[in-house]
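Each chain is listed here by its residues.
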Amino acid sequence: MMDRIVIRTLPNGKVCKVHPFHICLKGLEQAVLCRDSADYDAMVKVLCVSARRKNVIVIIYGVVSNHCHIAVLAASQQDADAYARDIKKVYSMWFYKKYGEKNILHRTEIKALYLDSNWYVRNVLAYIPRNALDNGCSINDYPWSGYRAMFWKGDPEGIIKVSQLNRRDCKAVMHTGDKLGGVPWTVDKDGHLDPRSFCDYRYLEQAFNGDQAFFLKTIGGQNAAEMRYLLEEKPYALITDEQLYKLADEICQRWFDSSPSEISTERKIRVISYLFHTQKTTVAQMARIMQMPREQISRLVKK
């Protein structure tokens with residue numbers, strides 16, 4: 001039995017309960033976010049540095065040419081959202097500095113989706129490294145994925161500790177002015193981050209009962225089209241009233257064994273927060289579904 005919600009020490013040193021989230025940074029159909037190896041390398045380092053800055057923990061990631069996926073552990077939805085926004089902001093700065101193209105991600109959306117079931121967690125953790133196939137590479141050999149951190153025995157291959165770099169070298173290698181003293185991260189001779197040094201591979205391994213064969217079987221047997229829809233398309237498509245009501249009812253039944261009309265306001269607030277972060281909806285639509293005043297919904301979601 002996996003532990004979906006766990007206790008971890010966050011980057012700021014606080015020990016607390018953390019929850020799993022999935023984040024997808026979508027590019028534009030007409031724009032390639034990673035045009036060469038330097039871009040892929042920069043994106044991975046943005047994921048790592050931003051996680052430390054926004055106090056979340058990366059489990060596994062996968063960067064491909066026009067989008068990336070990250071699974072993280074965060075203390076709250078707000079922390080996961082802040083991390084998502086920081087990724088978008090910082091990578092946009094990298095892109096502008098290198099190519100002189102402004103607002104490359106201005107019209108793209110990025111969401112932190114709460115993973116509220118063991119099935120969802122396992123399938124997301126398996127789907128992320130599977131994206132290597134989109135770049136025509138094998139999952140095992142793809143360099144821009146956290147897959148290499150999983151089920152690996154031995155010492156990290158990184159030969160340079162990031163914490164020992166001077167400020168100038170740190171900025172050149174990690175592309176940040178943040179002070180990184182004390183971080184456990186390592187880079188190889190080419191300056192690429194070792195995922196074992198910053199990914200919480202233990203969380204993924206326990207999600208698959210410590211069995212690498214189980215992990216690989218889940219990857220191989222996955223319905224990629226279904227996962228792509230759930231993670232890359234569904235959260236960004238406006239949902240109908242009928243669909244939203246059915247979804248709200250399913251959540252209320254699963255969480256509270258009641259219908260939306262029967263639960264308390266406090267419980268409604270939890271459902272509303274979840275739906276706003278997993279579906280493309282509106283204040284007016286949510287007010288109809290949850291039978292609450294628009295003004296109250298608006299205050300809750302800060303729209």
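Preceding block: the structure.
Residues numbered from 1 in each chain as written. Predicted model: local features only at pLDDT ≥ 70, side-chain atom pairs only at ≥ 80, totals over all residues. Heavy atoms only, no water.

**Student:** Just checking my understanding: could you explain helix H7 (residues 224–233) for this structure?
**Tutor:** An α-helical segment advances 3.6 residues per turn. Residues three or four places apart therefore align on the same side. All buried positions along H7 are accounted for by Ala224, Met227, Leu230, Leu231 and Glu232. Seen along its axis, H7 keeps its buried residues to an arc of 160 degrees; they face one direction. Buried residues along H7 sit against strand E2 (15–26), strand E4 (67–74), strand E5 (110–114) and helix H3 (118–130). (Buried < 20%, exposed > 50% of the residue type's maximum accessible area, 1.4 Å probe, protein only. Helix = DSSP H or I, 4+ residues; strand = E, 2+ residues; numbered from the N terminus. Arc of directions from axis to C-beta. Contact = heavy atoms within 4.5 Å.)

**Student:** Would you take a moment to explain a positive patch on the surface for this structure?
**Tutor:** Together, Lys97, Arg167, Lys171 and Lys179 give the surface a local cluster of positive charge. Secondary-structure assignment places Lys171 in helix H4 (residues 167–174). The exposure class assigned to Lys171 is exposed, which follows from its relative accessible area of 54%. (Patch = residues over 30% accessible without salt bridge, like charges linked within 9 Å, V, L, I, M, F, W, Y side chains within 5 Å. Areas by Shrake-Rupley, 256 points an atom, 1.4 Å probe, with all protein chains shown as cover. Salt bridge = Lys/Arg side-chain N within 4 Å of Asp/Glu carboxyl O. Lys, Arg positive; Asp, Glu negative; His and termini not counted. Charge placed at Lys NZ, Arg CZ, Asp CG, Glu CD.)

**Student:** Is there a simple way to think about the side chain of Asp81 in this case?
**Tutor:** For Asp81, the location among the structural elements is in helix H2 (residues 77–99). With no salt bridge to any partner, buried Asp81 finds its closest opposite charge in Arg85, at an N-O distance of 4.9 Å. If we ignore the near neighbours within four places in the chain, the residues touching Asp81 are Ala112 and His277.

**Student:** What should I look at first to understand the pattern of salt bridges in this one?
**Tutor:** Should their charged atoms come close, side chains of opposite charge can pair. What the rule picks out here adds up to 10 salt bridges. For the salt bridge of Asp190 with Lys189, the shortest nitrogen-to-oxygen distance reads 3.5 Å. On the basis of relative accessible area, Asp190 is assigned to the exposed category, the value being 51%. A cluster of three or more residues bridged by salt bridges with shared partners is formed by Asp36, Asp39 and Lys98.

**Student:** Help me understand the nonpolar core in this model?
**Tutor:** Generally speaking, soluble globular proteins have nonpolar side chains that are buried together. Val63, Ile70, Tyr83, Leu125 and Trp185 are the most contacted members of the largest nonpolar core, which totals 105 residues. No other element matches the 9 residues that helix H1 (residues 37–53) contributes to this core. When sequence neighbours within four positions are dropped, the list of residues in contact with Trp185 reads Cys48, Val49, Arg52, Ile160, Lys161, Val162, Met174, Leu180, Leu193, Ser197 and Phe198. (Core = buried A, V, L, I, M, F, W, Y, C linked by side-chain atoms within 4.5 Å.)

**Student:** Help me out: how do you make sense of the pairing of strand E3 (residues 57–64) in this one?
**Tutor:** Each regular strand shows side chains that alternate between the opposite faces of the sheet. Burial analysis of E3 places 8 of its 8 residues in the buried class, the great majority of the element. Alignment of E3 against E4, held across 7 bridges, turns out to be antiparallel. Following the sheet pairing, Val63 is matched in E4 by Cys68. Counting the residues between successive antiparallel strands, the hairpin from E3 to E4 contains 2 residues. (Pairing = 2+ DSSP bridges.)

**Student:** Help me understand the environment of His69, please; the structure alone is not making it clear to me.
**Tutor:** Position of His69 among the secondary structure elements: in strand E4. Spatially, the C-alpha atoms of His69 and Tyr91 are 14 Å apart, while their sequence positions differ by 22 residues. A distance of 2.9 Å separates the side chain of His69 from the side chain of His22, its partner in a polar contact. (Polar contact = N/O pair within 3.5 Å; in protein donor to acceptor, adjacent residues only side chain to side chain.)

**Student:** I'm lost on the packing of H3 against helix H6 (residues 212–220) in this one. Help?
**Tutor:** Describing two packed helices takes the angle between their axes plus the distance from one axis to the other. Running from N to C, H3 and H6 cross one another at 75 degrees; their axes reach a closest spacing of 9 Å. Relative to H6, the element H3 is oriented roughly perpendicular. Residue-level contacts link Arg122, Asn123, Leu125, Ala126, Pro129 and Arg130 of H3 to Phe214, Phe215, Thr218 and Ile219 of H6. A class-by-class count of the residues in the contact of H3 with H6 yields 6 nonpolar, 2 polar and 2 charged. (Axes fitted to C-alpha atoms, helices over the stretch in contact; angles between N-to-C directions. Parallel < 35°, antiparallel > 145°, perpendicular 65-115°, else oblique. Nonpolar A, V, L, I, M, F, W, Y, C, P; charged D, E, K, R; others polar.)

**Student:** Looking at this structure, how should I read the packing of aromatic side chains?
**Tutor:** Here the distance between the centres and the angle between the planes together describe a pair of aromatic rings. Tallied over the full model, the rule gives 13 aromatic pairs. Centre to centre, the rings of Tyr61 and Phe198 are 5.6 Å apart; their planes meet at 20 degrees, and the pair counts as stacked. Here Phe198 lies in the loop between strand E7 (186–187) and helix H5 (201–207) and Tyr61 lies in strand E3, a separation of 137 residues in the sequence. Taken as a pair, Tyr61 and Phe198 share a single burial class, namely buried. (Phe/Tyr/Trp six-rings, centres within 6.5 Å; stacked < 30°, edge-to-face > 60°.)

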